[in-house]
Structure formats: C-alpha cells, structure tokens
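Tertiary structure, described
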Amino acid sequence: MSATIPAPIQEQADDLRRQIDDANHQYYVEDAPALTDAEYDRLMRELHALEQDYPALVTPDSPTQRVGAKPDAGFPEVEHAVPMLSLDNAFDETELRAFGTRIAKPLKIEACALEFCCEPKLDGAAVSLVYERGQLVHGATRGDGRTGEDITSNLRTLRSVPLRLRGSDWPELLEVRGEVYMRHSGFEALNERAREAGDKVFANPRNAAAGSLRQLDPSITATRPLEFCAYQVARIDEAREQPTHSANMALLRDWGFKTNPELSVVTGIEAVIAFCAQLGEKRDGLDYDIDGAVLKVNALSHQRTLGFVSRAPRWAIAFKYPAQEQITRVRDVEFQVGRTGKLTPVAKLAPVQVAGVTVSNATLHNMDEIRRLDLRIGDTVTVYRAGDVIPKVVGVQTDKRPNDAQAITLPEACPVCGSGIEQIEGEADARCSGGLYCGAQRREALKHFASRRAMDIDGLGVKLIDQLVERELVKTPADLFKLECETLAELPRMGQKSAQNLIESFDKARSTTLARFIYALGVREVGETTAALLANHFGTLEALMAASEAALVEINDIGPIVAAHVRAFFDQPHNRETIEDLIEQGVTWPVVEIDAVDAPLKGQTWVLTGTLETLARDDAKAALTALGAKVSGSVSKKTHALVAGAAAGSKLDKARTLEIPIWSEDELVQLLDQHGARS
Ligand SMILES: NC(=O)c1ccc[n+]([C@@H]2O[C@H](COP(=O)([O-])OP(=O)(O)OC[C@H]3O[C@@H](n4cnc5c(N)ncnc54)[C@H](O)[C@@H]3O)[C@@H](O)[C@H]2O)c1
Ligand SMILES: [Zn+2]
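Analysis parameters
Residues numbered from 1 in each chain as written. Chains lettered and ligands numbered in written order. Predicted model: local features only at pLDDT ≥ 70, side-chain atom pairs only at ≥ 80, totals over all residues. Near = placed C-beta within 6 Å. Domains from an automatic or database assignment. Pairing = 2+ DSSP bridges. Helix = DSSP H or I, 4+ residues; strand = E, 2+ residues; numbered from the N terminus. Contact = placed C-beta atoms within 7 Å. Axes fitted to C-alpha atoms, helices over the stretch in contact; angles between N-to-C directions. Buried ≥ 20, exposed ≤ 12 C-beta atoms within 10 Å, placed from the backbone. UniProt positions renumbered as here; feature names shortened; annotations may be inferred. Expected span 1.5 Å × (residues − 1). Arc of directions from axis to C-beta. Core = buried A, V, L, I, M, F, W, Y, C linked by C-beta atoms within 7 Å. Left-handed = near helix turned anticlockwise from the far one by under 90°. Nonpolar A, V, L, I, M, F, W, Y, C, P; charged D, E, K, R; others polar.

1. Details of the site of ligand 1
Lining the immediate environment of ligand 1, one finds 21 residues, of which A23, Y27, D37, S86 and A126 sit closest. Taken domain by domain, the makeup of the shell around ligand 1 includes at least three residues from each of domain 1 (7–57) and domain 2 (77–320).

Here's what the structure looks like:
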C-alpha cells in the first residue's frame with residue numbers, strides 16, 4: 001500500500017467514478033438504465049478493489065461511499081431523519097459464511113446460534129412513510145440516502161399504503177420503510193398499453209415502478225399497478241419498541257401493512273444458506289422480481305451493537321441471485337405465426353445464461369417495437385427474463401453495431417402457409433391473411449367455425465378438433481364436410497354411433513344463414529353483430545366479397561380497420577378457394593332481404609350485355625349486387641337499365657324497343673366509383 005497515488009491509478013479511479021455516476025443518474029433519476037446490473041456491479045467492484053489498494057483514493061463523494069443519486073429537481077426535497085442505506089452483497093455461500101463470522105465476533109455469539117430474519121429482496125424502489133398519530137403525513141423516495149424526494153401525493157394513490165393505520169393504539173410517530181414494486185402481470189399490461197399509445201416503454205418492472213412513483217402528476221401514478229411491501233421500522237415511539245425485527249413486522253401487519261409472505265426467521269448461517277437456496281428455487285414462480293434475499297440479524301439490540309459503515313448497515317446483507325438481464329448478440333430474426341395469425345418477430349440470440357436459464361430466443365413483439373429499439377441483425381442487446389415470462393430484448397447498444405448489421409423487414413408471405421401478410425395502418429401487429437388456410441391458425445379457425453354461434457356443429461368439440469388437426473384429417477373448414485363415417489369411427493373414444501351422429505351434425509350445419517356463415521369465417525374483428533350487418537347490407541356473399549374498402553366504410557358502424565380486415569381476408573386467394581370449397585360441399589343459406597336504406601340500387605334490376613373492357617363481367621355483377629341491384633340475364637319491361645359493352649346484340653335491340661335506359665361501361669364505372677363499389 002502506498003500513500004501517494006500513481007497518476008494512472010488516479011485516472012482509472014476518476015474514470016470509473018464518472019461511469020458509475022452516469023449510470024446512477026440514468027438508473028435512479030431517469031429510470032432508464034444504460035448498463036445492465038452485472039456491468040454496473042463489475043464497475044463498482046473494480047472501484048472497490050482500487051480503493052482497497054489505495055485507501056487515500058477514498059473520498060466522501062466516491063460512489064462506494066454513497067447511496068443512489070441526488071434527487072430530481074421536480075420534487076421538493078426531504079431530509080431523512082434516519083438515513084436510507086444500501087446493502088452489502090454476498091454472491092455465494094462462502095461470502096455468506098464470512099458475513100456470519102464477521103458479525104458474530106463483536107456480538108460475542110457463535111454464528112450458529114445467531115437468529116436471522118430472511119426475506120426476499122424485492123426489486124423495486126425504496127420509499128419511506130411517516131405516520132403521525134396513525135395518519136400518513138409524509139412519503140419520500142430514498143434519493144441519495146440523506147435527501148429524498150417528497151412524493152406523498154403519489155404514494156397516497158397506492159391501495160397498499162394505509163392512509164391511516166388499522167386498529168387503534170397507534171404510536172405518536174412511526175416511520176416505515178418498504179419497497180414499491182410492480183407485479184409481472186401489471187408490468188406487462190402497462191407496457192402493452194404504452195406500446196399501443198406510443199408512450200415510454202419500461203425495460204423492467206423495477207424501472208417501471210420507480211418511474212411511476214416519480215410522476216409529477218399523481219393521477220398518472222394512480223393508474224399504475226404499484227404495490228407497497230413494508231420491510232423495516234425506521235422510527236417508532238420508545239414505548240412501542242420491539243425486541244426483534246420480526247416482531248416489528250408482525251406489528252406492521254396488524255396496522256394494515258403488507259409484509260412479504262416468504263419472510264422467515266431461522267437460526268444459524270447454514271439455515272440462512274438453505275433459505276437462500278429455497279427462495280432461489282421459488283424465484284421463477286413468483287409474480288414479482290426479486291434480485292436476491294435480504295438477511296438481517298433479528299435482535300434489534302444486536303443491530304444497534306453492529307451499527308453502520310458508510311453506506312450500508314453491518315447487520316444485514318443481500319444475497320444476490322443471477323441477474324435477470326444479460327448482454328448478448330442477435331444472430332437473426334425469425335417471424336412466428338400465432339394461433340390468430342399474428343406475426344411475432346423473434347430474436348435468435350447467441351445463447352446466454354439469464355437468471356439461471358440458457359436463453360437463445362427473445363420476443364420482439366412487433367415491427368413497431370423493432371423500430372422503437374432501433375434493432376438490426378448483428379446488434380449487441382440486453383435481454384431480460386423473469387419468472388416464466390418469455391425473455392425479451394429490452395435494449396440495443398447501438399455503439400457496438402457492426403458494419404454489416406442488417407435491417408429487419410417484415411416478410412411478404414406467411415412463413416407457415418405462404419399467404420400474403422396484412423399490416424393495417426393504425427394496428428401494431430402484422431398478420432397472415434390466410435385465416436381459413438394457414439396451418440398455424442387451423443385449430444383456432446376450426447374451433448371458431450364449429451362453435452355454437454357460428455356454424456353450430458353439434459358434437460364437434462375442441463378435443464375432437466385437436467385430434468382431427470393432429471392426424472391431418474382436416475386442414476380447412478371445408479374438409480369437415482368431406483369426413484367419412486368410417487374415418488371418424490376409428491378415432492379414439494368415438495365408435496360407430498357417435499361418428500354417425502357427427503355426420504348428421506355436419507348435414508344439419510350445411511344449412512345456415514349468411515350472417516352465421518360470415519361470422520364463421522373468422523375475419524378479424526368481424527363479430528356476430530358486424531357479420532349480421534354485412535349480411536343485411538350486401539345480401540349475398542358475392543356482393544360482400546366484391547365490396548371495396550370505400551364501400552365497406554360507407555356502412556354505418558363499419559370503420560376503416562374492419563373494412564381493411566374484410567378486404568384483406570377476401571383478397572387472399574387461399575381463403576376464396578376454401579369458401580368455394582365450402583359451397584361445393586353443400587353449405588347454403590336462404591336469400592337475404594337487403595336493408596333499403598343502405599342500398600342505393602335497391603329494387604332495381606340491371607342487365608349486362610356485350611364485352612366489357614375495364615370490368616370483368618363477374619366483378620361488375622358483384623358490384624351492382626353490392627349496391628342492392630338484382631342482375632338479370634334478360635331484358636324485360638322491369639329492367640331498370642342495360643349496360644351495353646362492345647358488340648352488344650339482341651339484348652341491346654330489345655332494350656331500345658322497350659325504351660330502357662342504356663348505359664355505357666364508362667357510365668357504369670362512374671356510378672360504381674361514386675358509391676365506392678368497385679374492388
Ligand atoms: N444498471 C445500472 O446502471 C445500475 C445503476 C445503479 C444501481 N444498479 C443496481 O442497484 C444495485 C445497488 O443499488 P442499491 O444501492 O439500491 O442497493 P440494493 O438495491 O442492492 O439494496 C438496497 C435496497 O434493497 C431494497 N430491498 C428490497 N427488499 C428489501 C428488504 N426485504 N429489506 C431491506 N431492503 C430491501 C431496498 O429498496 C434497499 O434500498 C446494484 O447492485 C445494481 O444491481 C444498477
Ligand atoms: Zn399463414
């Protein structure tokens with residue numbers, strides 16, 4: 001050891017401090033960490049080691065001597081009567097045993113006889129609550145440990161923060177410390193909403209909790225799924241002091257605070273080690289993040305004897321579990337097709353251990369998320385994994401981007417079935433448009449098709465559909481009607497009689513209504529009501545299939561997104577083929593009377609003749625039908641108009657004789673366009 005510090009060492013220390021100060025600011029003030037915890041911890045250990053070798057380096061403003069970061073200017077400052085400290089860490093059993101030995105000595109007790117209170121280390125934000133005569137009067141963040149931010153109004157919005165204590169017999173003064181955190185379920189939902197609204201997405205529940213607490217508008221905090229769990233009594237009337245920390249926790253429970261259910265009192269450091277192992281096993285099953293276990297000497301008299309060092313109590317230690325965030329590289333991005341056709345980009349990663357599990361895939365949600373992250377193939381990324389939630393990419397280190405990094409583009413065709421990809425404006429998710437055909441969507445499509453309010457196929461339950469799909473007996477809904485009694489009878493738990501019944505159910509289901517049929521197709525966002533609306537408006541399936549987006553949005557209650565879904569569905573050749581196949585299999589419905597109000601050509605009969613140049617004959621027919629007209633093959637006195645193409649013959653003559661209006665193809669096109677009826 002030397003008293004004079006070599007210049008390179010001083011520079012190295014200064015550099016580490018700068019990096020750590022920046023990281024602290026981003027973590028504690030911005031709630032958007034720039035480093036993973038593992039990287040941060042490595043920098044801190046390096047600085048610690050330097051300071052140990054050169055004690056003259058240690059200054060009061062070194063990050064090793066301080067907690068957190070200076071509070072943000074947005075809130076009034078609060079001085080903590082009792083400082084809010086950090087915790088020393090132990091990363092393995094040896095370090096835990098060393099802790100046991102270290103504290104046993106000044107207490108003049110054998111480490112094996114020492115009582116500990118063991119608790120999960122909730123990964124959220126520390127807060128302090130002050131109660132006077134049972135009423136909540138102040139709430140603050142930890143800040144730099146001495147000075148925190150006054151966030152009383154925000155904390156009052158949390159249901160798990162008692163505004164007044166339960167029961168009676170309250171102390172004059174009570175200061176409670178605890179963690180504000182977010183459960184996985186709440187965090188996912190919050191980020192999902194933020195993604196849809198284009199708002200800030202949080203990297204992990206800890207940042208989400210800290211960020212939500214430090215909103216300047218308490219009504220925003222109120223909407224965030226935050227919980228408070230108490231873990232320490234910092235101040236209490238002398239008369240109410242308890243002998244142990246665990247007795248304090250029991251007192252807090254009586255007064256209405258939540259304490260962690262895993263909390264447990266054990267004797268001896270070996271039992272502490274066992275607790276850490278057991279909690280580690282449970283970690284993935286918990287609905288909230290823990291980054292370790294906190295092990296506290298239980299007797300408060302012992303705590304007082306042990307006291308504090310600069311930034312942490314001597315009487316407690318945090319046993320750290322493997323980090324939930326790691327750095328790795330994205331080798332490729334693949335698109336997976338979900339049961340409803342949704343395309344999810346999945347990052348293929350260089351395998352990495354995250355919280356004890358090897359991770360080689362991580363979800364990227366959708367193209368918006370890829371743009372938000374600014375991710376390319378080849379990038380170095382931060383991956384987060386917690387509980388049994390799917391790992392996700394939460395950050396990209398763009399400064400490490402290689403020159404050959406590749407942009408990620410949406411595929412043009414579904415990787416499962418080759419149908420076109422539908423990406424509707426205003427919707428974040430891209431989808432396979434082959435709803436009736438796509439292997440990935442088969443199961444869901446069939447379940448929906450057979451359901452009671454759709455085709456109502458009695459006896460065709462979910463389990464049976466699974467069997468039919470697994471054995472590849474059915475690929476599209478049309479295949480259902482091709483099933484033979486013998487094939488069905490051979491399925492497990494079927495038999496001749498049930499097979500026969502099922503065949504009868506198919507026969508019965510063949511006669512349906514247009515509304516049910518449209519609903520059964522499973523077009524996105526076309527529920528029963530919309531299906532009925534479409535059936536009544538168009539009257540025939542042909543007319544609906546031919547309707548343009550413009551014609552669709554003209555209908556009351558049909559918005560542009562539904563119109564786009566309908567159009568994309570019928571534009572997909574695979575879907576059209578399946579529909580034709582269904583009709584070939586004998587699916588029918590009675591003619592529908594079209595709503596008068598919605599159909600401009602209602603009650604009119606039109607005739608087409610000659611060769612049409614720009615419109616296919618079928619399209620012209622469908623478009624006219626879509627507008628409510630009947631298209632007939634022959635001219636009579638009842639004919640409203642005749643559309644005459646090139647080389648028109650006898651029908652044109654007859655129309656002239658009967659003085660029926662004669663339209664050119666151009667005029668027809670104009671009419672159709674005027675009503676948006678051309679596809
Ligand atoms: N990634 C980054 O850039 C970055 C920056 C700063 C800090 N960090 C992370 O934060 C750690 C240091 O932060 P710290 O000083 O807040 O210490 P800490 O989080 O490791 O430990 C102290 C905190 O533990 C919490 N805690 C949870 N359960 C508890 C319980 N049952 N009893 C007592 N306390 C409990 C309290 O909030 C307390 O403030 C680093 O090791 C690193 O993981 C990361
Ligand atoms: Zn597909």
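Still more ground to cover, so stick around.
2. Digging into the sheet that holds strand β20 (residues 630–632)
Strand order in the open sheet made by the four strands is β20-β19-β21-β22, with parallel pairing throughout. Either end of the sheet is taken by a strand with one partner, and the two such strands are β20 and β22 (662–663). Looking at chain direction, strand β19 (residues 605–609) and strand β21 (residues 641–644) are connected through four bridges and run parallel. The residue of β21 that forms the bridge with T609 is A644. Running over the sheet, helix α23 (residues 617–626) touches β19 and β20 and is turned about 170 degrees from β19.

3. Topic: the pairing of strand β3 (residues 115–122)
Most of β3 sits out of view: seven of its eight residues are buried. Looking at chain direction, β3 and strand β10 (residues 290–297) are connected through seven bridges and run antiparallel. Bridge assignment links E119 to a residue of β10, and that residue is V294.

4. So, the UniProt feature "active site" (unreviewed entry) in the protein chain
The sites that carry the UniProt feature "active site" (unreviewed entry) are, in the present numbering, K121. With respect to the helices and strands, the residue K121 is situated in strand β3. We classify K121 as buried; it has 22 C-beta atoms within 10 Å. Among all residues touching K121, those that are not within four sequence positions of it are I290, D291, G292, A293, V294 and A318.

5. Topic: helix α3 (residues 93–107)
When the terminal C-alpha atoms of α3 are compared, their 21 Å separation across 15 residues agrees well with the 21 Å that a helix rising 1.5 Å per residue should span. Residues of α3 that are buried include every one of F99, G100 and I103, and no others. Summarising the axial view, the buried residues of α3 lie within an arc of 100 degrees, below the 170-degree limit, and thus occupy one face. Of the residues in α3, the exposed ones pointing more than 90 degrees away from the buried face are T94, T101 and K105. Just downstream of α3 lies K108, where phi reads positive at about 55 degrees.

6. Remarks on the nonpolar core
Generally speaking, a soluble globular protein has its nonpolar side chains buried in company with each other. Residues C432, A450, I518, A547, A623, A626 and L642 are the most contacted members of the largest nonpolar core, which totals 81 residues. It is helix α21 (residues 560–571) that provides the largest number of residues to this core, a total of seven residues. For C432, the contacting residues outside a window of four places in its chain are V337, G341, L343, C414, V416, C417, S419, I421, C438, A440 and Q441. Grouped together as the second largest cluster of nonpolar side chains are 60 residues, L190, Y231, A347 and L364 included.

7. Examining the environment of G285
With respect to the helices and strands, the residue G285 is situated in the loop between α9 (269–282) and β10. Residue G285 is classed as exposed on the basis of its 8 C-beta neighbours within 10 Å.

8. A closer look at unusual backbone geometry
The phi torsion of most residues other than glycine is negative, and most of the peptide bonds are trans. Positioned with a positive phi, A355 is a non-glycine residue whose angle comes to about 45 degrees. Here A355 shows up in the loop between β13 (343–354) and β14 (357–363). We note that E525 has phi near 65 degrees; this positive angle belongs to a residue other than glycine.

9. A short note on the packing of helix α1 (residues 7–29) against helix α2 (residues 37–53)
For the pair α1 and α2, interaxial distance at closest approach is 10 Å and the crossing angle is 145 degrees. Relative to α2, α1 is oriented so that their crossing is left-handed. The segment α1 lies against α2, with I9, Q12, A13, L16, R17, Q19, I20 and A23 engaging Y40, L43, M44, E46, L47 and L50. For the contact of α1 with α2, a count of residues per class yields 10 nonpolar, two polar and two charged.

10. A closer look at the environment of L87
Positionally, L87 belongs in the loop between β1 (77–79) and β2 (89–90). Once residues lying within four places of it in the same chain are set aside, the contact partners of L87 are V294, A312, A316, I317 and A318.

11. Brief notes about the packing of α3 against α9
Each pair of packed helices gets described by two things: the angle between the helix axes and the distance between those axes. Packing of α3 against α9 leaves a shortest axis separation of 10 Å and a crossing angle of 145 degrees. The two elements α3 and α9 cross, and the hand of that crossing is right-handed. Residues E93, L96, R97 and G100 of α3 form the contact with α9, whose own contacting residues are I269, V272 and I273. Across the contact of α3 with α9, the residue classes break down as four nonpolar, one polar and two charged.

12. What about α9?
Residues three or four positions apart in an α-helix share a direction because the helix packs 3.6 residues into each turn. The first and last C-alpha atoms of α9 sit 20 Å apart over 14 residues, in line with the 20 Å expected at 1.5 Å per residue. Buried residues of α9: I269, V272, F275, C276 and L279, and no others. Along the long axis of α9, the arc covered by the buried residues comes to 100 degrees, so they all point the same way. Away from its buried face, by an angle of more than 90 degrees, α9 presents the exposed residues A277 and E281. Elements that come into contact with the buried residues of α9 comprise α3, β3, β9 (264–267), β10 and β11 (316–320).

13. Let's talk about the domain arrangement of the protein chain
Domain parsing of the protein chain yields domain 1 (7–57), domain 2 (77–320), domain 3 (325–400), domain 4 (414–597) and domain 5 (599–679). For domain 2 and domain 4, the distance between their C-alpha centres works out to 54 Å.

14. Here we look at the sheet that holds strand β4 (residues 125–132)
Sheet architecture is open: four strands sit in the order β5-β4-β7-β8, paired in antiparallel fashion. A single partner strand is all that each edge strand has here, and the edge strands are β5 (135–141) and β8 (226–236). Ignoring strand direction, the axes of neighbouring strands in this sheet form an average angle of 30 degrees. As judged from the eight bridges shared by β4 and strand β7 (residues 173–182), these two strands associate in the antiparallel manner. Its bridge partner being in β7, S128 is matched across the sheet by R177.

15. Regarding the pairing of β10
Taken across its eight residues, β10 has eight buried, putting it largely inside the fold. Where β10 and β11 come together, five bridges link them in antiparallel fashion. Residue pairing across strands places V294 opposite A318, the latter belonging to β11.

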